[in-house]
Amino acid sequence: MTERRLLVVDDEPAIGAIVRRVGEGLGYKVEVIQQSSEFKRVYRNFAPDVIVLDIVMPETDGIEVIQWLAGESCTARIIVISGFNAAYTEMATKLGVGQGLLSISAMTKPLSIADLRAALE
Amino acid sequence: MAAVRVLIVENEALVALDLSARLSALGYAVVGTAASGAEALRLVRGLRPDIMLMDIGLDGRQDGIEVVASLSAEDRVPVIYLTGFQDEQQLARARATRPHGFLTKPFSTWELHAAIQMAVEREATEQTLEQFEQRLVIALDALAVSSWELNASDRTLRRLVYRNDRYAPPDLGEVRGWDSFLASTHPADHPRILAALERAFASQGRYEVEFRKLEGSGVRWLRAAGRVIPAKSAGSDRLVAVVQDITQSREVNAALEQRSRALQSEIAHRHITEAELRQSREEFRYLFRNNPLPMWIISRSDHRLLEVNAAAAANYGYAEAEMTGLRLDALMADAEPGALLASLAAAQPSHQTHANCRHRRRDGQVIQVDLFSHALNFDGEPARLMVAQDVTARNVAEEQLRQAQKMQAIGQLTGGVAHDFNNLLSIILGNLELVQERTTADPVIQEMISDALKSVRRGARLTQQLLAFSRQQPLKPQTVEIGHLVSEMSDLLRRALGETVKIEKIIPDSLWKVRVDPNQLENALLNLAVNARDAMPGGGVLTIEAVNKRLDDSYAATSQEVTPGDYVQLAVTDTGTGMSRTVSDRALEPFFTTKPVGQGSGLGLSMVYGFVKQSGGHIKIYSELGRGTTIKLFLPSAHPELASPDEEVTAVSPRSRGETVLVVEDDEAVRHLTVRQLQVLGYRTLEAEDGRSALAQLERTERVDLLFSDVVLPNGQSGPMLARAVTAMRPDMKVLYMSGYTRDAVIHNGVLDPGVRLLTKPFRRDELACMVREALDEEPSP
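Source: prediction; values computed, not measured.

## A few points about the overall build of chain B
Piece 1. A count of helical and extended segments in chain B gives 23 helices and 30 strands.
Piece 2. Burial analysis of chain B (782 residues in total) assigns 41% to the buried set.
Piece 3. Accessible surface, chain B as shown: approximately 42800 Å² in total, 53% of it carbon and sulfur.

In structure tokens, the structure reads:
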């Protein structure tokens with residue numbers, strides 16, 4: 001069985017660290033990045049199976065990241081995490097679905113480990 | 001009457017004795033007898049007789065006439081000469097001493113008596129004349145006039161000199177020829193002088209003339225006034241006149257005349273300026289009467305309104321005539337008008353005062369006014385002009401704005417804090433859970449971690465409430481039927497309210513659907529119900545009433561942050577204790593609570609407020625102490641294009657009719673996606689990444705129907721700038737914007753600029769289809 005790969009995008013390093021811990025606990029190879037500017041390069045090199053995406057990041061709107069992924073015909077499972085407006089998260093996920101992304105789901109902060117683990121199983 | 005006292009001067013003793021006897025017999029008092037001149041002089045001085053009988057032939061060196069002539073002025077006494085000779089020469093000498101009588105010896109007793117009586121009478125007459133002359137001299141002196149007499153026949157002038165001494169020889173003073181007088185006057189005045197003189201003699205009447213007398217190099221003005229005294233039988237007419245120096249009075253007169261002329265011209269001038277002043281007054285009156293600001297004039301003495309303008313009467317609800325005459329305190333709302341009146345009275349007349357006052361309209365309504373006043377004189381009475389600007393509406397608007405700004409500021413603050421807290425809580429929570437998984441063995445540690453986790457979750461709930469208030473909670477708006485939602489909640493509400501509170505629901509079937517998050521609306525209703533319960537500790541009625549409300553521009557203008565449109569008004573009313581104004585003003589603020597510490601978070605109404613605002617609605621509180629509270633939620637009605645997800649699945653996306661769309665978007669992925677979707681919908685497409693390449697595309701292509709551009713574009717040319725350039729080239733080109741930001745150049749205060757269409761990123765394919773179709777089908781603007 002090939003190792004599953006998890007790409008985490010979060011501008012808050014401590015949250016990235018928690019997701020990494022949970023992911024590694026589940027046997028993922030985990031890559032955490034804080035800047036969305038690195039995303040495209042890392043995505044292509046790392047080829048993740050699951051992406052955990054903090055939807056509002058300082059530089060690029062997470063929605064544009066999703067649209068980019070749709071354009072890339074991404075097959076990875078995408079988990080969108082948002083600190084606030086769930087409608088926004090909802091729209092992002094719908095948009096992703098509408099654009100052919102296979103699997104996209106949303107979670108709201110503060111994250112519960114149990115929920116996160118369930119989502120990553 | 002006392003006897004006349006007589007002194008006898010007679011050198012013959014027997015004659016003297018005989019005289020004395022005869023005089024005594026006639027009742028005269030003979031005071032003495034002198035035989036010589038020397039003795040006579042001594043006796044005159046010592047005895048002061050009334051009459052002296054003087055014998056001309058005396059002993060010694062002097063005869064009687066010489067003795068009399070030698071009498072000093074003060075020893076003069078009326079004299080009757082006695083003589084034995086009839087000698088013309090002697091008589092002439094005697095006359096020169098101006099005696100009162102002359103008796104030739106021998107004379108009878110009767111002749112003696114008659115002579116003495118005549119002398120007494122003459123003396124009395126002369127004394128009267130002397131007194132008269134004295135008075136005349138004094139008068140002429142006082143008037144500074146001289147008196148002259150002109151003889152008509154010989155034309156000589158005599159200056160009349162009053163000697164005030166009847167014994168002195170008559171002195172006619174200066175005598176001049178008329179011609180020499182005339183030569184001393186100004187030649188130009190001669191005709192006038194001569195004419196006046198002619199007239200006086202011809203009419204035998206008054207003479208009056210003013211003329212100049214040459215005096216050195218200058219002149220003096222003289223005035224002559226007099227009367228002609230007609231000649232008695234023989235002799236000639238005489239003109240007696242007084243001459244007065246009037247140089248000074250003429251100067252005074254000239255000055256007076258000049259002043260009078262100046263006054264006259266000033267009066268004439270005043271007639272003109274009065275006319276101007278009247279006009280100017282009328283203009284000012286017009287400004288006062290028709291000024292849109294309420295104004296009046298009050299008396300400074302009794303503070304009565306002397307005059308009011310139309311705006312004042314209208315603003316205070318009086319007829320003008322009714323308002324005029326009121327005392328200022330009749331307009332004042334507060335109990336102590338004395339303070340303002342006192343401050344007005346104390347103010348310097350020139351001092352301009354300004355006060356914020358509460359006034360009362362005729363109908364009792366209290367208004368707030370900015371009262372400016374300035375002293376002036378009104379019809380000569382000390383008065384003040386007062387301008388009373390009604391700032392009630394302004395104050396209300398300011399207060400609303402202030403309130404809205406305050407809520408916005410608090411919202412931003414709490415929202416920012418809540419965000420950071422959310423992240424911190426995520427980290428604490430995540431790590432605690434990881435720790436919990438690794439330390440299963442130790443129950444004490446497990447308990448500690450469990451307690452910590454409880455607190456974190458409480459913190460998370462609080463953060464959610466803060467986010468709700470700051471309009472940043474996760475909302476899942478759907479199309480909601482309020483009637484359905486409320487009846488679903490019935491059990492929950494009944495449990496929350498308890499048995500003492502009765503619930504009434506008034507919800508019409510025709511009620512519009514609303515577009516809100518149903519869970520949060522339930523939450524809000526529950527919050528309101530709990531607040532209502534707490535306000536009705538003894539029980540009461542809770543009314544939930546919903547009604548369709550179309551809020552138009554005019555309503556929106558009266559409230560901050562209200563967009564005109566269709567709303568459902570959901571009112572929750574209790575019959576409880578109500579809130580004071582101070583409480584209701586702050587009721588929406590987070591952490592503001594009237595409940596005891598520990599019993600309320602102070603976030604309930606704040607959450608409701610944030611939720612309603614975030615849902616595009618607004619909230620109003622009506623409360624009266626002791627009566628109850630109504631809280632009205634205005635929720636935006638659901639529009640067809642905002643229908644719930646269930647409905648949209650079945651919606652058929654409007655499609656192309658062969659149009660061409662130019663997509664301008666710098667993000668390659670978004671541009672590709674959009675283009676692909678448009679192509680699926682049947683549109684022909686062109687692509688550009690910025691304004692410059694968009695314009696280049698347009699130049700190469702003959703027919704383009706729609707410019708579909710991002711608002712923010714790179715390389716300096718924004719979407720709106722590009723649109724302006726394009727529509728200048730092709731006026732029939734339609735424009736649609738897309739944007740990922742809520743605050744963009746095309747949006748101001750949450751409202752799109754008129755005529756601008758905007759698709760917010762991310763957009764669904766059907767949203768894109770609808771908006772593009774709508775933009776293309778839009779009638780060209782006139």
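## Observations concerning the overall build of chain A
Piece 1. The helix and strand inventory of chain A stands at 5 helices and 5 strands.
Piece 2. If you list the helices and strands of chain A from N to C, you get β-α-β-α-β-α-β-α-β-α.
Piece 3. The buried share of chain A, reckoned over its 121 residues, is 52%.
Piece 4. Within the structure as shown, chain A displays about 5000 Å² of accessible surface, and the carbon and sulfur contribution to it stands at 47%.

## Focus: the sheet that holds strand β5 (residues 101–104) of chain B
Residue and element names in this part refer to chain B.
Piece 1. In spatial order, the strands read β2-β1-β3-β4-β5; together these 5 strands make up an open sheet with parallel pairing. Single-partner strands in this sheet number two, and they are β2 (29–34) and β5. The average undirected angle you get between the axes of adjacent strands in this sheet is 20°.
Piece 2. Both strand β1 (residues 5–9) and β2 contribute to a ladder of 5 bridges, which runs parallel. Considered in β2, the bridge of Val-6 is made with Val-30.

## Structural notes on the pattern of salt bridges
Piece 1. Overall, the coordinates contain 44 salt bridges over all chains when judged by the stated rule.
Piece 2. Arg-41 of chain A is the partner of Glu-38 of chain A in a salt bridge, and the nearest nitrogen-oxygen pair spans 3.9 Å.
Piece 3. Accessibility expressed as a relative area gives 24% for Glu-38 of chain A, which makes it partly exposed.
Piece 4. Measuring nitrogen to oxygen at the nearest pair gives 2.8 Å for the salt bridge that ties Arg-362 of chain B to Glu-322 of chain B. Of the two residues, Arg-362 of chain B is situated in the loop between β14 (353–360) and β15 (366–378) and Glu-322 of chain B in helix α10 (residues 320–323); the sequence distance between them amounts to 40 residues.
Piece 5. Look at the salt bridges and you will find they share partners, linking Arg-206, Glu-208, Glu-210, Arg-223 and Arg-250 of chain B into a network.

## Describing the environment of Ala-535 of chain B
Residues and elements named next belong to chain B.
Piece 1. Checked against the element boundaries, Ala-535 lands in helix α15 (residues 518–535).
Piece 2. Sequence separation of Ala-535 and Thr-575 is 40 residues, and the distance between their C-alpha atoms is 8.0 Å.
Piece 3. The contact partners of Ala-535, leaving out residues within four places of it in the chain, are Asp-574, Gly-576 and Thr-577.

## Some points on the environment of Gly-25 of chain A
Piece 1. Position of Gly-25 of chain A relative to the elements: it lies in helix α1 (residues 13–25).
Piece 2. Separated by 92 residues in the primary sequence, Gly-25 of chain A and Arg-117 of chain A place their C-alpha atoms 9.1 Å from one another.

## What to know about the nonpolar core
For soluble globular proteins, nonpolar side chains are generally found buried alongside one another.
All names here are of chain B.
Piece 1. Ranked by size, the top nonpolar core spans 40 residues in total, and within it Ile-482, Leu-521, Leu-542, Leu-570, Leu-633 and Leu-635 carry the most contacts.
Piece 2. Looking at this core, the elements that each hand over two or more residues are α12 (392–438), α14 (482–497), β19 (514–516), α15, β20 (540–551), β21 (565–574), α18 (604–614) and β23 (628–636).
Piece 3. Beyond its immediate stretch of four places on either side in the chain, Leu-635 contacts Ile-482, Val-514, Val-516, Leu-521, Asp-566, Tyr-567, Val-568, Leu-570 and Val-612.

## Notes on the pairing of strand β4 (residues 77–82) of chain A
Residues and elements named next belong to chain A.
Piece 1. Buried residues dominate β4, accounting for 5 of its 6 residues.
Piece 2. The sheet contact formed by strand β3 (residues 50–54) and β4 spans 5 bridges and is parallel. Looking at β4, one finds that Asp-54 is bridged to Ile-81.
Piece 3. Inspection of the sheet shows β4 paired to strand β5 (residues 103–108) by 6 bridges, in the parallel sense. Across the sheet, Ile-79 pairs through a bridge with Ser-105, a residue of β5.

## Focus: the confidence of the model for chain B
Residue and element names in this part refer to chain B.
Piece 1. Summing up the model confidence of chain B, the mean pLDDT is 82 and the portion of residues at 70 or higher is 89%.
Piece 2. At the level of individual helices and strands, chain B shows its lowest average pLDDT in helix α19 (residues 645–650), which scores 36, and its highest in β1, which scores 94.
Piece 3. In this model, residues 741–745 is a region of pLDDT below 50 whose contacts with residues beyond four sequence positions or in other chains number 7 contacts.
Piece 4. Ignoring residues within four places in sequence, the model shows residues 747–751, a span with pLDDT below 50, making 6 contacts including any to other chains.
Piece 5. Interface confidence for the predicted complex, expressed as ipTM, amounts to 0.70; the pTM equals 0.43.

## Looking at the sheet that holds β23 of chain B
Residues and elements named next belong to chain B.
Piece 1. In spatial order, the strands read β18-β20-β21-β23-β22; together these 5 strands make up an open sheet with mixed pairing. The open sheet has two free edges, formed respectively by β18 (501–506) and β22 (618–624), since each of these has just one partner strand. Neighbour-to-neighbour, the strand axes of the sheet open up by a mean angle of 15°, direction not taken into account.
Piece 2. The strands touched by α14 are β18, β20, β21 and β23; relative to β18, the strand with the most contacts, the crossing angle is about 175°.
Piece 3. Contacting β20, β21 and β23, α15 crosses the sheet at an angle of about 30° to β21.

## Regarding helix α1 (residues 13–26) of chain B
Residue and element names in this part refer to chain B.
Piece 1. In this model, α1 (14 residues) spans 20 Å end to end at C-alpha, consistent with the 20 Å of a helix rising 1.5 Å per residue.
Piece 2. Residues of α1 that are buried: Ala-16, Leu-19, Ser-20, Arg-22 and Leu-23.
Piece 3. Downstream of α1 by a residue or two, Gly-27 has a phi angle that is positive, lying close to 95°.

## A look at the packing of aromatic side chains
How two aromatic rings sit relative to each other is set out by the distance from centre to centre and by the angle between their planes.
Piece 1. The tally for this structure, following the rule as stated, stands at 8 aromatic pairs over all chains.
Piece 2. Both rings, one in Trp-296 of chain B and one in Tyr-316 of chain B, keep their centres 5.5 Å apart while their planes meet at 75°; by these two values the pair is edge-to-face. Residue Trp-296 of chain B is found in strand β12 (residues 295–299), and its partner Tyr-316 of chain B is found in helix α9 (residues 310–316); the two are separated by 20 residues along the sequence. This pair shows no difference in class: Trp-296 of chain B is buried, exactly as Tyr-316 of chain B is.
Piece 3. Members of the aromatic cluster, connected to one another through ring pairs, are Phe-39, Tyr-43 and Trp-68 of chain A.
Piece 4. Here Arg-5 of chain A stacks its cationic end above the ring of Phe-46 of chain A, 4.5 Å away from the centre of that ring.

## Re α1 of chain A
Two residues of an α-helix separated by three or four positions point the same way, owing to the 3.6 residues in each turn.
Piece 1. With 13 residues, α1 of chain A ought to run about 18 Å at 1.5 Å a step, and its terminal C-alpha atoms sit 18 Å apart, in line with that.
Piece 2. Of the positions making up α1 of chain A, those classed as buried are Ile-15, Gly-16, Ile-18, Val-19, Val-22 and Gly-23 of chain A. Seen from one end, α1 of chain A has its buried residues packed into an arc of 160°, which puts them on one side.
Piece 3. Tucked inside the fold, the buried residues of α1 of chain A contact β1 (5–9), β2 (29–33), β3 and α5 (113–120) of chain A together with α12 of chain B.

Rules and cut-offs
- Residues numbered from 1 in each chain as written.
- Chains lettered and ligands numbered in written order.
- Predicted model: local features only at pLDDT ≥ 70, side-chain atom pairs only at ≥ 80, totals over all residues.
- Heavy atoms only, no water.
- Helix = DSSP H or I, 4+ residues; strand = E, 2+ residues; numbered from the N terminus.
- Buried < 20%, exposed > 50% of the residue type's maximum accessible area, 1.4 Å probe, protein only.
- Areas by Shrake-Rupley, 256 points an atom, 1.4 Å probe, with all protein chains shown as cover.
- Pairing = 2+ DSSP bridges.
- Axes fitted to C-alpha atoms, helices over the stretch in contact; angles between N-to-C directions.
- Salt bridge = Lys/Arg side-chain N within 4 Å of Asp/Glu carboxyl O.
- Contact = heavy atoms within 4.5 Å.
- Core = buried A, V, L, I, M, F, W, Y, C linked by side-chain atoms within 4.5 Å.
- pLDDT = per-residue confidence, 0-100.
- Expected span 1.5 Å × (residues − 1).
- Phe/Tyr/Trp six-rings, centres within 6.5 Å; stacked < 30°, edge-to-face > 60°.
- Lys NZ or Arg CZ within 6 Å of the ring centre and 35° of its normal.
- Arc of directions from axis to C-beta.

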